[in-house]
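An overview of the molecular structure
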Amino acid sequence: MKELSKYQTTEDGMTKSYIWPLFNRVSHVLLIIFFITCYILGDFDELLSYHVAFGLALGVVIFFRIIWGYMGPKHSQFKDFNFDLGDLKEYLLNPLSKTKVYLGHNPASSYAIVAMILLAFLSIVSGLLAYGIEENHGIFSSLHSDYFKKMELFEELHEFFSNLFL
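Rules of the game
- Throughout, a residue's number is its position along its own chain's written sequence, starting from 1.
- pLDDT decides what is reported in this predicted model: residues at 70 or higher carry local features, side-chain atom pairs at 80 or more are listed and counted, and totals for whole chains, interfaces and linings draw on all residues regardless.
- Only heavy atoms go into the side-chain values, all of them from the structure, while hydrogens and water stay out.
- Residues form patches when they are more than 30% accessible in relative terms and have no salt bridge. Like charges link within 9 Å. Nonpolar side chains (Val, Leu, Ile, Met, Phe, Trp, Tyr) link within 5 Å.
- To be clear on the numbers: accessible area is Shrake-Rupley with a 1.4 Å probe, and residue cover counts the displayed protein chains and nothing else.
- What counts as a salt bridge is simple: a side-chain nitrogen of Lys or Arg found within 4 Å of a carboxyl oxygen of Asp or Glu.
- The convention is simple: Lys and Arg are positive, Asp and Glu are negative, and His and the chain ends are not counted.
- Just so you know, the charge point we use is NZ for Lys, CZ for Arg, CG for Asp and CD for Glu.
- The way it works is that DSSP assigns letters per residue, a run of H or I at least four long becomes a helix, a run of E at least two long becomes a strand, and they are numbered from the N terminus.
- Exposure is judged per residue with a 1.4 Å probe applied to protein chains only, and the accessible area is read against the type maximum: over 50% gives exposed, under 20% gives buried, and values in between give partly exposed.
- Only rings of Phe, Tyr and Trp enter the pairing, Trp through its six-membered ring, and a pair is recorded when the two centres are within 6.5 Å. The plane angle decides the type: under 30 degrees is stacked, over 60 is edge-to-face, the rest tilted.
- Throughout this description, a polar contact denotes any pair of N or O atoms lying within 3.5 Å of each other; where both atoms belong to protein, one of them has to be capable of donating a hydrogen while the other can accept it, and for residues adjacent in sequence the pair is counted only when both atoms sit in side chains.
- Note on definitions: a residue-residue contact is assigned when non-hydrogen atoms from the two residues lie within 4.5 Å.
- Residues enter a nonpolar core if they are buried and are Ala, Val, Leu, Ile, Met, Phe, Trp, Tyr or Cys, with the set joined through side-chain atoms within 4.5 Å.
- In this analysis an axis means a line fitted to C-alpha atoms, helices contributing only their contacting stretch, and an angle means the value between N-to-C directions, from 0 to 180 degrees.
- We call two directions roughly parallel when the angle between them is under 35 degrees, roughly antiparallel when it is over 145, roughly perpendicular when it lies between 65 and 115, and oblique otherwise.
- Crossing handedness: left-handed means the near helix sits turned counterclockwise from the far one by under a right angle, and right-handed means the same turn made clockwise.
- Only Asp, Glu, Lys and Arg are considered charged, only Ala, Val, Leu, Ile, Met, Phe, Trp, Tyr, Cys and Pro nonpolar, and every remaining residue, Gly among them, polar.

Time to look at a negative patch on the surface. Residues D43, E152, E156 and E159 make up a contiguous surface patch of negative charge. Among the structural elements, E152 can be located in the loop between α5 (146-149) and α6 (153-165). Overall, E152 belongs to the partly exposed group, its relative accessible area being 48%.

Right, here's the structure in full:
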């Protein structure tokens, strides 16, 4: 039986690498599905419980992605990300140049991933705060008082972070 390699040579002699494990591929698809579902459900007040459920599922995937960023394979780890500003500048100013090949994340995607994880986290936390304060449900339901109940700050922050994440 032929053993699968993570490197394959194409007909034109170029080598393709398959470095992303199944967890990366599945988590990316789940992040997209959960976020889009949350975003759409956010427009329907009667579907708020489903919005919250998909938001929590998104939070679980983000949580495991953060753990994967420390314990996963080499190219999935945060320490493998390229945060060099000189490389970022070169990458952004020469988008069609093939002078430097990145195995794993390029400088722009390294920054983008960290930004997306941060925005997803802020969106989830602000959503949980809004849900607890305004709806008297969830882990922050103890904050549901006359003082906080009228405050729409966390709902506004939740919408801001979600739109920015989109």
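Once you've had a look at it, read on.
Our focus in this paragraph is the packing of aromatic side chains. Tallied over the full model, the rule gives ten aromatic pairs. Centre to centre, the rings of F78 and F81 are 5.5 Å apart; their planes meet at 90°, and the pair counts as edge-to-face. The exposure class assigned to F81 is buried, which follows from its relative accessible area of 6%. Connected via pairs of aromatic rings, a cluster forms that spans Y70, F78, F81, F83 and Y111.

Let us now look at the environment of Y39. Position of Y39 among the secondary structure elements: in helix α1 (residues 22-41). Here the alpha-carbon distance between Y39 and F54, two residues 15 residues apart in the chain, equals 9.6 Å. Polar contacts involving the side chain of Y39 include one to the side chain of N163, which spans 2.4 Å.

Our next topic: the environment of A108. Mapped onto the elements, A108 comes out in helix α4 (residues 107-135). The class of A108 is partly exposed, set by a relative accessible area of 23%. Sequence separation of A108 and L92 is 16 residues, and the distance between their C-alpha atoms is 7.5 Å. For A108, the contacting residues outside a window of four places in its chain are L88, Y91 and L92.

Moving on, we come to a nonpolar patch on the surface. A contiguous nonpolar patch, built from V60, F63, F64, I66, I67, Y70 and M71 and spanning about 730 Å² of accessible area, is present on the exposed surface. Tracing the sequence through the fold places Y70 in helix α2 (residues 48-71).

With 16 residues, the main nonpolar core has L31, L58, I62, I117 and F165 as its most contacted residues. Ranked by residue count, the leading element in this core is α4, at six residues. The residues touching L31, leaving out its near neighbours within four places in the chain, are L58, V61 and I62.

Further remarks concern the packing of α4 against α6. Here α4 crosses α6 at 155°, and the two axes come no closer than 8 Å. Judged by the inter-axis angle, α4 sits roughly antiparallel to α6. Along this stretch, α4 crosses α6, giving a crossing that reads as left-handed. On α6, the residues that touch M116, L119, A120, L122, S123, S126, G127, L129, A130, I133 and E134 of α4 are F154, E155, L157, H158, F161, S162, L164 and F165. Of the residues assigned to the contact of α4 with α6, the class counts are twelve nonpolar, five polar and two charged.

Assignment of secondary structure puts S123 in helix α4. Among residues more than four places away in sequence, those in contact with S123 are H158, F161 and S162.

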